[in-house]
Amino acid sequence: MSITSKLARMGLFDAKVPRYTSYPTAPQFSARVSDIQTRHWIAAIPPGSQISIFVHIPFCRRLCWFCACRTQGTTSGAPVVGYLDTLKREIETLHALLPADITLSRVHWGGTPTLLNPSMINDLAQEITSMAPLVENGEFSVEIDPNELDQPRVDALANVGMTRASIGVQDFDEEIQSTIGRLQSFDVTREAADMLRAAGITSLNADILFGLPHQTPEKIAATVQKLLSLSPDRVALYGYAHVPWMARRQSLIPNNALPVPEKRLQLFETARQLFEWDGFRQIGIDHFATPDDALTVAARSGRLRRNFQGYTDETADMLIGLGASAISRFPQGYAQNIAATSEYSKAVNAGELATARGHCFSQEDHLRARLIEAIMCDFQIDRKELTDAFPDKADHINTLLHNAADFFGDVVYLSSQIFKVLEEGQPLTRIIAQHFGAYDMSNAGHASAI
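Values in this document were obtained by computation on a predicted structure and should not be read as measured data.

Q: When you look at the overall build of the protein in this model, what are you seeing that I'm missing?
A: For the protein, the helix and strand inventory stands at 15 helices and 19 strands. On C-alpha atoms alone, the protein measures out to a radius of gyration of 22 Å, which is about the 22 Å that the 2.2 N^0.38 rule sets for 450 residues. Projected onto its principal axes, the C-alpha positions of the protein cover 60 × 55 × 40 Å. Long-range pairs, those at least 24 residues apart, make up 72% of the contacts in the protein with a sequence separation of at least 6.

Have a look at this one:
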């Protein structure tokens, strides 16, 4: 049996599975976690702790048809000005709740922060650092829309301490860009990269997609080669998730232009080979990094983690999300803010935390989350590490590993020391991860496994 036939038999081309940037995933969140619960979790943070901060700017000048993120279009700056005022109020509320001597190990601005003008960038950065300082050698990363970037914004971001820029690319082919509603030329992208490098930003990330409408191996190869000419340090190669039942604007993308799952795998493999031929190392299922990048070092030393931003070498136990729809992770569970900006602003301006829903961890959640993270990051599970962490669950762990080994056959390997996904089975990683989950995913609306 060919490897493609084997992968097909195990469901690769039919399964709908999560990306597992969290466990449990967001469809399992409920309103049982509220403002009160989040306040308790913040109060339980030990004084002197390091935490991470994620700040969401959920606005775009135009809504790209392919995007399923929670965002809204705006043709003027007024909604952004009002939102920034609310965001600053949320930071003030959080500041009053945090224990003493908190420091920040990471700060990440997501959504479209380049919609902020230089004055807004400075104000937001000052508000955050007045709450807690960034540690020495801490990372301050910002998502960059090249269509919304100019020299004053680059200068402002550099002046407030940005250390890593993440540029959205998707694909450089004009037909594909037109079909997905995302027009962004290579020249505009190259100019953005050049400005960032000239401003002293030494770490440059880029995101591209496979599985887009009209995409072929030749087209994705051309995009990868153009991207490599910009000398990025990391690349995220995400599979396009076509979920028009969740993101209605994706209905503008014709279904008959989308590649079938077997072709999606071919597109991924084409891009993967080009990155590896250029010296990049594959990190987990969908990231690539230069040999000396911090992600590569973390993967090599077993310190790779996975969170809502994808793969990371972050070590802090707490990630606090600020802004509409932002998600926080505490040792006790997840808390997600209200998604609608109007309702989010109403809650924050009333002096509340904007928590709408979340999930409280059980011990079983912690165990299965570690199983899944190990598979997603390392393609293997260290049995001793797991049983040391959960000594009263040794028999349960043994059963879970043996069941998975029986189900996935010769694409995995099980010994007394490790459970390992073999190289030929790595396209199945998300399906194998789901095998270790305990929640019903049948109605979660996830996209293709490849």
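Q: How do you make sense of the packing of helix 12 (residues 363-378) against helix 14 (residues 394-408) when you look at a structure like this?
A: A pair of packed helices is captured by two measures, namely the crossing angle of their axes and the spacing between those axes. At a minimum axis distance of 12 Å, the contact between helix 12 and helix 14 shows a crossing angle of 40°. In terms of their interaxial angle, helix 12 and helix 14 are classed as oblique. Here helix 12 and helix 14 pass one another in a crossing that is right-handed. Between helix 12 and helix 14, the residues in contact are Glu364, Leu367, Arg368 and Leu371 and His396, Ile397, Leu400 and Leu401, respectively. Looking at the contact of helix 12 with helix 14, its residues break down into 5 nonpolar, 1 polar and 2 charged.

Q: Even after reading the chapter, I still don't get helix 5 (residues 151-159), so can you show me in this structure?
A: Helical geometry: 3.6 residues make up each α-helical turn, so side chains three or four residues apart lie on a common side. Taken residue by residue, helix 5 has Arg153, Val154, Ala156 and Leu157 as its buried positions. Along the axis of helix 5, the buried positions cluster into a sector of 165°, meaning they face one direction only. Directly after helix 5, the chain includes Gly161, whose backbone phi takes a positive value near 105°.

Q: Is there a simple way to explain the pairing of strand 4 (residues 103-111) in this structure?
A: Side-chain positions along a regular strand alternate between the two faces of the sheet. By the criterion of burial, strand 4 is predominantly enclosed, with 7 of the 9 residues buried. Taken together, the 8 bridges between strand 1 (residues 50-57) and strand 4 define a ladder with parallel strand orientation. By the bridge assignment, Phe54 is partnered in strand 4 with His108. In this structure, strand 4 lies alongside strand 5 (residues 134-144), joined through 5 bridges in parallel fashion. Looking across to strand 5, one finds that Arg106 is bridged to Glu139. Traced from strand 4 through helix 4 (residues 118-131) to strand 5, the parallel crossover comes out right-handed.

Cut-offs and rules
Each chain has its residues counted from 1, running along the sequence as written. Thresholds applied to this predicted model are a pLDDT of at least 70 for local features of residues and 80 or more for the giving and counting of side-chain atom pairs; totals over whole chains, interfaces and linings are not thresholded and use all residues. The side-chain quantities take in all heavy atoms of the structure and omit both hydrogens and water. Only DSSP runs of H or I covering at least 4 residues are called helices, and only runs of E covering at least 2 are called strands; the numbering of each starts at the N terminus. The quantity called the radius of gyration is restricted to C-alpha atoms. Its globule counterpart is 2.2 Å times the number of residues to the power 0.38. Contacts between residues were defined by any pair of non-hydrogen atoms, one from each residue, lying within 4.5 Å. Inter-axis angles, ranging from 0 to 180 degrees, are taken between N-to-C directions of lines fitted to C-alpha atoms, where helices are fitted over the stretch in contact. Here is the rule for angles: anything less than 35 degrees is roughly parallel, anything more than 145 is roughly antiparallel, 65 through 115 is roughly perpendicular, and the remaining ranges are oblique. Here is the rule for handedness: rotate from the far helix to the near one, and if that takes an anticlockwise turn smaller than a right angle the crossing is left-handed, while a clockwise turn gives right-handed. Polar here means any residue outside two lists: the nonpolar Ala, Val, Leu, Ile, Met, Phe, Trp, Tyr, Cys and Pro, and the charged Asp, Glu, Lys and Arg; Gly therefore counts as polar. Each residue gets one of three labels from its accessible area relative to the maximum for its type: buried under 20%, exposed over 50%, partly exposed in between, using a 1.4 Å probe on protein chains only. To be clear, the arc concerns the directions from the helix axis to the C-beta atoms. At least two DSSP bridges between two strands are needed for those strands to be called paired. Handedness of a crossover is defined as follows: orient the strands so they point away from the viewer, and if the path from the first strand over the helix to the second runs clockwise, the crossover is right-handed.

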